[in-house]
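Structure at a glance
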Amino acid sequence: MPKPKWKLNTIYISERLQESLRPISRCALTTVVAPMGYGKTTAVNWYLEEHAKAGPLRVVRISVYSDNLAIFWRSAQDAFARAGIDLLREYGRRRRRSAGGRSLP
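The sections below set out a description of the structure shown in this document.

Conventions adopted
- Residues numbered from 1 in each chain as written.
- Predicted model: local features only at pLDDT ≥ 70, side-chain atom pairs only at ≥ 80, totals over all residues.
- Heavy atoms only, no water.
- Helix = DSSP H or I, 4+ residues; strand = E, 2+ residues; numbered from the N terminus.
- Contact = heavy atoms within 4.5 Å.
- Expected span 1.5 Å × (residues − 1).
- Buried < 20%, exposed > 50% of the residue type's maximum accessible area, 1.4 Å probe, protein only.
- Arc of directions from axis to C-beta.
- Polar contact = N/O pair within 3.5 Å; in protein donor to acceptor, adjacent residues only side chain to side chain.

On to the environment of V59, then. Looking at the secondary structure, you find V59 in the loop between helix 2 (40-52) and helix 3 (69-82). A C-alpha to C-alpha distance of 9.1 Å links V59 and R82, two positions 23 residues apart in sequence. Discounting chain neighbours no more than four positions away, the residues touching V59 are L48 and A83.

Time to look at helix 3. Counted at 1.5 Å a residue, the expected span for helix 3 with its 14 residues is 20 Å, and the 20 Å between its end C-alpha atoms agrees. Listing the buried residues of helix 3 in full gives A76, Q77 and A79. All buried residues of helix 3 project into a common sector of 165° when viewed along the axis, lining one side. Exposed and oriented more than 90 degrees from the buried face of helix 3 are A70 and R82. Where helix 3 begins, one side-chain oxygen reaches toward the backbone nitrogen of A70, 2.8 Å away; that side chain belongs to N68. Just beyond helix 3, the residue with positive phi is G84, at close to 85°.

The structure is reproduced here in structure tokens:
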């Protein structure tokens, strides 16, 4: 009798984790926060693949690698644009005010 082949690319998502992902479909915004290597990307990709079967999805992913607000805002604008939502493009850079009240670039 031949040995059974291992399915090494099988992803296991526990019932507990599946249950914690379920509310995503009812939320306008979901953040997933955990240390590197905890399976955030794998779990969210699994969830999205499961729900894509039911119909088209719009997904906006923003990875935060900097404390710089300008970099974050630009990343958010780009992420929304990639999802086909140009809503944030009209909100350009914030303008700083000088001590005299004039706008600075």
